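Listed here are the chains, written in short residue letters.
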Amino acid sequence: MPCIEIENLTHIYFPGTPLETAALQQISLAVDQGETIALLGATGSGKSTLVRHLNGLLAPTTGRVRILDGDVADKKFRRQVWRRVGLVFQFPERQIFSATVYEDIAFGPRNIGVIGTALSERVSQAAQTVGLPDELLQTDPAELSGGMRRRAAIAGVLAMRPEILILDEPGAGLEPRAREIILQQVKELQRVQGTTVILITHHLDDAALYADRLVLLQKGRLLAAGPTGEILSRYDLLDEADLEPPFTVELTRRLAAEGLNLPQTPLNPAEAARLLAPLLKCVKGTVPLAHKKT
Ligand SMILES: Nc1ncnc2c1ncn2[C@@H]1O[C@H](COP(=O)(O)OP(=O)(O)OP(=O)(O)O)[C@@H](O)[C@H]1O
Ligand SMILES: [Mg+2]
């Protein structure tokens, strides 16, 4: 069942002025409930503009966007859809203003009337989901490390218990390990609660690990959408979208150039090992794979 239906969406910023920019053109896309989608594209391709239509921040210039049970052209619906669709902005920690981490996570739910133990339960559950230790809840957000502050910002959105969770570059500027922890926790949330997740990322390795389906944007247009494995094995599309292929996909391409074709394109190191091991075992007897100490 689709929970997002986008039909011929065009968005033009400042129409009819010298600043006019066609940020999105004729985008059509449906997302099923419970799916994890990775939205990919070069800088300025329209990713952030697209997702701002999904939580009521922007309305289409032309076309139609239906979310859950409403249409974002309907102003009344647009005003309340942010409660149900959680959007974690690019660099969300810049929007943290509260005195304590607890207060910051509690801000959204408190706004919609959640109080007392229901509120504290939501805060601690959200903090737990992103791996933010309890003892940090009473500290000043300014004292947190970059990774912890990002987790606090994500927890603030999770505390709203959104049906659809959108993360705009959640790992930007973080250490690879911090990025991995955040994405693993989001994946777990998707698995346990069936939350629909839209992940914007520049890292195709992350998309390969976490997404069911990939959507590629190029200069405001939909270049391709399809199952992760299918899209990632299309080097032509990745080149066209100006995206760096995942390491294992690049390795497969280079092996093919050397005349060694793998039966399929591995999307992560574990799959690569599984596909390469039988081939390496065949040559083990004849080729010195490692130098033995004498
Ligand atoms: N608030 C705005 N006002 C005017 N133009 C904008 C605005 N936001 C984005 N744009 C323009 O719309 C186009 C798409 O921008 P958008 O921010 O959606 O791209 P993006 O794919 O999210 O890029 P990035 O990877 O850098 O975050 C760009 O040409 C950008 O300059
Ligand atoms: Mg953006």
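Residues numbered from 1 in each chain as written. Chains lettered and ligands numbered in written order. Predicted model: local features only at pLDDT ≥ 70, side-chain atom pairs only at ≥ 80, totals over all residues. Heavy atoms only, no water.

Section: the pattern of salt bridges
Next, step 1: In the structure shown here, the tally under the stated rule is eleven salt bridges.
Next, step 2: Residues Asp-71 and Arg-64 are paired through a salt bridge, measuring 3.2 Å at the closest nitrogen-oxygen approach.
Next, step 3: Classification of Arg-64 as partly exposed rests on a relative accessible area of 37%.
Next, step 4: Close ionic contact of Arg-179 with Asp-206 constitutes a salt bridge, the shortest N to O distance being 2.8 Å. Separated by 27 residues along the polypeptide, Arg-179 in helix 6 (residues 176-193) and Asp-206 in helix 7 (residues 204-210) bring together distant segments of the chain.
Next, step 5: Among the residues examined, Arg-179 registers a relative accessible area of 15% and is labelled buried. (Salt bridge = Lys/Arg side-chain N within 4 Å of Asp/Glu carboxyl O. Buried < 20%, exposed > 50% of the residue type's maximum accessible area, 1.4 Å probe, protein only. Helix = DSSP H or I, 4+ residues; strand = E, 2+ residues; numbered from the N terminus.)

Remarks on the pairing of strand 3 (residues 36-40)
Next, step 1: Of all the five residues making up strand 3, five are buried; the element is thus mostly covered by neighbouring parts of the structure.
Next, step 2: Alternating residues of strand 3 divide into Thr-36, Ala-38 and Leu-40 and Ile-37 and Leu-39, and every residue in both groups is buried.
Next, step 3: Where strand 3 and strand 8 (residues 196-200) come together, four bridges link them in parallel fashion. Bridging from a neighbouring strand, Thr-36 pairs with Val-197 of strand 8.
Next, step 4: Note that strand 3 and strand 9 (residues 213-218) share four bridges and pair parallel. Across the sheet, Ala-38 pairs through a bridge with Leu-214, a residue of strand 9. (Pairing = 2+ DSSP bridges.)

A closer look at the coordination of the magnesium ion (ligand 2)
Next, step 1: Coordination sphere of the magnesium ion (ligand 2), protein contribution only: Ser-48 (OG) and Gln-90 (OE1), at 2.0 to 2.6 Å. In this pair, Ser-48 is assigned in helix 1 (residues 47-52) and Gln-90 in the loop between strand 6 (85-88) and helix 3 (101-111), connecting sequence segments 42 residues apart. (Donors = N, O, S within 2.8 Å, 3.2 Å for Na, K, Ca; no water.)

Considering the sheet that holds strand 8
Next, step 1: The strand order 6-7-8-3-9-10 describes an open sheet built from six strands, whose pairing is mixed. The open sheet terminates on both sides in strands that have one partner only, identified here as strand 6 and strand 10 (221-227). Recorded for the sheet is a direction-independent mean angle of 15° between the axes of neighbouring strands.
Next, step 2: Bridge count between strand 6 and strand 7 (residues 164-168): four bridges; the pairing is parallel. Across the sheet, Val-88 pairs through a bridge with Leu-167, a residue of strand 7.
Next, step 3: Sitting on the sheet, helix 5 (residues 146-158) touches strand 6 and strand 7, and the angle it makes with strand 6 is about 170°. (Axes fitted to C-alpha atoms, helices over the stretch in contact; angles between N-to-C directions. Contact = heavy atoms within 4.5 Å.)

What about the site of ligand 1?
Next, step 1: In the vicinity of ligand 1 lie 14 residues, with Gly-44, Lys-47, Ser-48, Thr-49 and Gln-90 positioned nearest.
Next, step 2: Contact distances for ligand 1 include 3.2 Å between an oxygen atom and a backbone N or O atom of Ser-45.
Next, step 3: Summarising the interface, the protein chains cover 67% of the accessible area of ligand 1, which totals 640 Å² for the free molecule.
Next, step 4: Looking at the shell around ligand 1, the elements with two or more residues in it are strand 2 (21-32) and helix 1.
Next, step 5: For the shell around ligand 1, the element with the highest residue contribution is helix 1, accounting for three residues.
Next, step 6: When its residues are assigned to classes, the shell around ligand 1 shows four nonpolar, nine polar and one charged. (Near = heavy atom within 4 Å. Polar contact = N/O pair within 3.5 Å; in protein donor to acceptor, adjacent residues only side chain to side chain. Areas by Shrake-Rupley, 256 points an atom, 1.4 Å probe, with all protein chains shown as cover. Nonpolar A, V, L, I, M, F, W, Y, C, P; charged D, E, K, R; others polar.)

Notes on the environment of Gly-41
Next, step 1: With respect to the secondary-structure elements, Gly-41 resides in the loop between strand 3 and helix 1.
Next, step 2: Each C-alpha atom of the pair Gly-41 and Phe-89 lies 17 Å from the other, and the pair is 48 residues apart in sequence.
Next, step 3: If we skip the residues at most four places from it in the chain, Gly-41 touches Lys-47, His-202, Leu-217 and Leu-243.

Quick notes on the packing of helix 3 against helix 4 (residues 116-129)
Next, step 1: With their axes 9 Å apart at the nearest point, helix 3 and helix 4 run at an angle of 120° to one another. When the axis of helix 3 is compared with that of helix 4, the two are oblique. Relative to helix 4, helix 3 is oriented so that their crossing is right-handed. The segment helix 3 lies against helix 4, with Tyr-102, Ile-105, Ala-106, Pro-109 and Arg-110 engaging Leu-119, Ser-120, Arg-122, Val-123, Ala-126 and Ala-127.
Next, step 2: Residues that form the contact of helix 3 with helix 4 fall into these classes: eight nonpolar, one polar and two charged. (Parallel < 35°, antiparallel > 145°, perpendicular 65-115°, else oblique. Left-handed = near helix turned anticlockwise from the far one by under 90°.)

Some thoughts on unusual backbone geometry
Next, step 1: The phi angle at Phe-14 is positive, at roughly 45°, despite the residue not being glycine.
Next, step 2: Assignment of secondary structure puts Phe-14 in the loop between strand 1 (2-13) and strand 2.
Next, step 3: You can call Phe-14 exposed: its relative accessible area is 52%.
Next, step 4: Look at Asp-242: it is not a glycine, yet its phi comes out positive at around 65°.

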